[in-house]
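Commentary on secondary and tertiary structure
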Amino acid sequence: MTQIEQKISIEGVDQQTLLGFNDSNLKIIESRFSATIIVRGDNISVKGVAEEIKSIEKIFKEMVYVLNTTGKLEKNDVETIIELTLHGQEIISGDEYDRIILYSKKDVIKAKTPTQVIYQESVKKNDICFAIGPAGTGKTYLAVAFAVAALKNGIVQRIILARPAVEAGESLGFLPGDFRDKIDPYLRPLYDALNDMIPSDQLRKYIENGVIEIVPLAYMRGRTLNNAYVILDEAQNATTMQMKMFLTRLGPNSKSIITGDITQIDLPLKVQSGLVQVKDILKDVDGVGFIYFKKTDVVRHKLVMDIIDAYENYNNGE
């Protein structure tokens, strides 16, 4: 039978635990198949017949899933995965595996709703992506997950997270404390997302070394951001000039996600939201994607959707 060769990426995975002490897990797999399996850096090269390669690839994906979900991988886990695979069963389906964005310290972060799946595909395809919709739909949380995954996989070298501090008058000068004391309350949701995804010690080092920056939108002016993942949250509170300023910061090998809810604009009445305007300006530009979330995409507490409905009905006079 014709033999083929295929590479399986294990980048970002704890290889010692995945392969086992002295490659014990790898040896279990090798004992069940005739294919040749060679580990080279962050890749596993498998050479053999197509049917075996397909099974081995599935086994490694299942092993990675179990390891990153539970934090461990025992000998009996590997043996169970092999048996399930050889009998046509699986721990996680192929479609579900494709939806995984990041293995966090608490859970697997993946697209859960149809719109989130579209969001994920749009982010893969476009360098600039707008996610617009109500609170609780995962716009910001997934944006941070996309950025952290890109950083872990070496696609970008840093992450910049920005928010307009409209409630504080953007200048922030009248608030008590130093710079960090002034801005932290307005950037807290971004810190919360990062704390879910990155161990505390590592996150602190990233921030101290400038690998991750969390700043008010006003402090983005005049910068060019290369090799970076740049996120603007609460973009409905960015003015038209601020939106243009932010979008033109993007440098080579960078990606950007802009999130916001145009029903919750805190700008003065006569000031137009840059997020509202940009929908018309960039709607036909290649490389720019727009995803619109609805209240049915809410993934928070079940009452959140009812609250959104109640406010809509009230505003409509119902």
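Residues numbered from 1 in each chain as written. Predicted model: local features only at pLDDT ≥ 70, side-chain atom pairs only at ≥ 80, totals over all residues. Heavy atoms only, no water.

With respect to the side chain of threonine 113
Put simply, the test is: Under the scheme used here, helices are H or I runs from DSSP no shorter than 4 residues and strands are E runs no shorter than 2 residues, and both carry numbers assigned from the N terminus. Remark: exposure states derive from per-residue accessible area (1.4 Å probe, protein chains only) relative to the maximum for the residue type, with buried under 20%, exposed over 50%, and partly exposed in between. By the convention used here, residues are in contact when the closest approach between their heavy atoms is within 4.5 Å.
As for its placement among the helices and strands, threonine 113 is situated in the loop between strand S5 (108–110) and helix H6 (114–125). For threonine 113, a relative accessible area of 11% puts it in the buried group. Among all residues touching threonine 113, those that are not within four sequence positions of it are Asp297 and Val299.

Details of a nonpolar patch on the surface
In plain terms, the rule: Candidate patch residues must exceed 30% relative accessible area and have no salt bridge, after which like charges are joined if within 9 Å and Val, Leu, Ile, Met, Phe, Trp or Tyr side chains if within 5 Å. Under the convention used here, a 1.4 Å probe and the Shrake-Rupley method define accessible areas, while residue burial counts only the protein chains that appear. Salt bridge, as used here: a side-chain nitrogen of Lys or Arg that lies within 4 Å of a carboxyl oxygen of Asp or Glu.
Where nonpolar side chains cluster on the molecular surface, the patch consists of Leu303, Ile307 and Tyr311 and spans about 330 Å² of accessible area. Mapped onto the fold, tyrosine 311 is located in helix H12 (residues 302–315). With a relative accessible area of 56%, tyrosine 311 lands in the exposed category.

Section: the nonpolar core
To keep it simple, the criterion reads: Here, the term nonpolar core denotes a set of buried Ala, Val, Leu, Ile, Met, Phe, Trp, Tyr and Cys residues that are joined through side-chain atoms within 4.5 Å.
Counting 37 residues, the largest nonpolar core has Tyr119, Leu194, Met197, Ile212, Tyr229 and Ile257 as the members making the most contacts within it. A total of 10 residues in this core trace back to one element, the largest contributor, which is helix H7 (residues 139–152). Apart from the residues within four sequence positions on either side, isoleucine 257 is in contact with Tyr119, Val123, Cys129, Ala143, Phe146, Tyr229, Val230, Ile231 and Leu232. If you look at the next biggest cluster of nonpolar residues, it comprises 29 residues, including Leu19, Val46, Val64 and Val66.

Comments concerning the pattern of salt bridges
Throughout the structure, instances matching the rule amount to nine salt bridges. A salt bridge links arginine 204 to aspartate 201, with the nearest nitrogen and oxygen atoms 2.9 Å apart. Residue arginine 204 and its partner aspartate 201 are both found in helix H9 (residues 200–208); the two are separated by three residues, about one turn of the helix. Assessed through its relative accessible area of 45%, arginine 204 is described here as partly exposed. Three or more residues joined by partner-sharing salt bridges are found here, namely Arg158, Glu213 and Arg223.

Section: the sheet that holds strand S3 (residues 43–48)
Let me state the cut-off plainly: Pairing between strands is defined by DSSP: at least two bridges between the two strands are required. As a rule, the C-alpha atoms of each element are fitted with a line to give its axis, helices using only the stretch in contact, and angles between N-to-C directions run from 0 to 180 degrees.
In space, the three strands of this open sheet follow the order S1-S3-S2, with antiparallel pairing throughout. In this open sheet, the two edge strands, each paired with only one partner strand, are strand S1 (4–9) and strand S2 (36–40). Here the strands of the sheet are splayed against their neighbours by 20° on average, with no regard to which way each runs. Bridge analysis of S1 against S3 gives six bridges, and the strand direction is antiparallel. If you follow glutamine 6 over to S3, its bridge partner there is valine 46. Sitting on the sheet, helix H3 (residues 50–70) touches S1, S2 and S3, and the angle it makes with S1 is about 5°.

Structural notes on the layout of surface pockets
In plain terms, the rule: Computed over the protein atoms alone on a 1 Å grid, cavities are sets of points where a 1.4 Å probe fits but cannot get out and pockets are open sets with protein on both sides within 12 Å along at least five of seven lines; a residue lines them when it has an atom within 4 Å of a point. Grid points are joined across faces, edges and corners, and a volume is the space filled by probe spheres set on the points. Here the nonpolar group is Ala, Val, Leu, Ile, Met, Phe, Trp, Tyr, Cys and Pro; Asp, Glu, Lys and Arg are the charged ones; every other residue, Gly included, is treated as polar.
Its volume calculated, the largest pocket comes out at about 960 Å³. Lining the largest pocket are 27 residues; nearest its centre among them are Ile100, Ile101, Tyr103, Ala149 and Asn153. If you list the elements that add at least two residues to the lining of the largest pocket, you get S1, H3, helix H5 (94–98), strand S4 (100–103), H6 and H7. Residue composition of the lining of the largest pocket, by class: 16 nonpolar, five polar and six charged. Of the voids in this model, the second largest pocket is the one considered here, and its volume is about 690 Å³. Forming the boundary of the second largest pocket are 30 residues, of which Gly136, Gly138, Lys139, Tyr141 and Arg300 lie nearest the centre. Those elements that place two or more of their residues in the lining of the second largest pocket are S5, H7, helix H8 (179–197) and strand S10 (255–260).

Re the sheet that holds strand S6 (residues 128–132)
Across a sheet, paired strands are connected by hydrogen bonds in the backbone, their directions being either parallel or antiparallel. What the six strands build is an open sheet, ordered S8-S7-S9-S10-S6-S11; its pairing is parallel. In the strand order of this sheet, the two ends are held by strand S8 (212–216) and strand S11 (288–292), each with one partner. If you compare each strand with its neighbour and ignore which way they point, the axes differ by 15° on average. As defined by bridge partners, S6 adjoins S10 across five bridges and the pair is classed as parallel.

So, the confidence of the model for the chain
To be explicit about the condition: Looking at any residue, its pLDDT shows the predictor's confidence there, from 0 to 100.
In this model, the chain carries an average pLDDT of 86, and 90% of its residues clear a pLDDT of 70 or more. Here residues 168–176 is modelled with pLDDT under 50, and outside its nearest four sequence neighbours on either side it reaches 20 contacts, counting other chains as well.

Some points on unusual backbone geometry
One can expect most non-glycine residues to show negative phi and most peptide bonds to be in trans. Phi is positive for asparagine 22, close to 55°, though the residue is something other than glycine. Exposure remark for asparagine 22: the relative accessible area of 55% places this residue in the exposed category. Not every positive phi belongs to a glycine, and asparagine 253 is a case in point at roughly 55°. Here asparagine 253 lies in the loop between helix H10 (240–247) and S10. Here asparagine 253 falls in the partly exposed class, since its relative accessible area comes to 48%.

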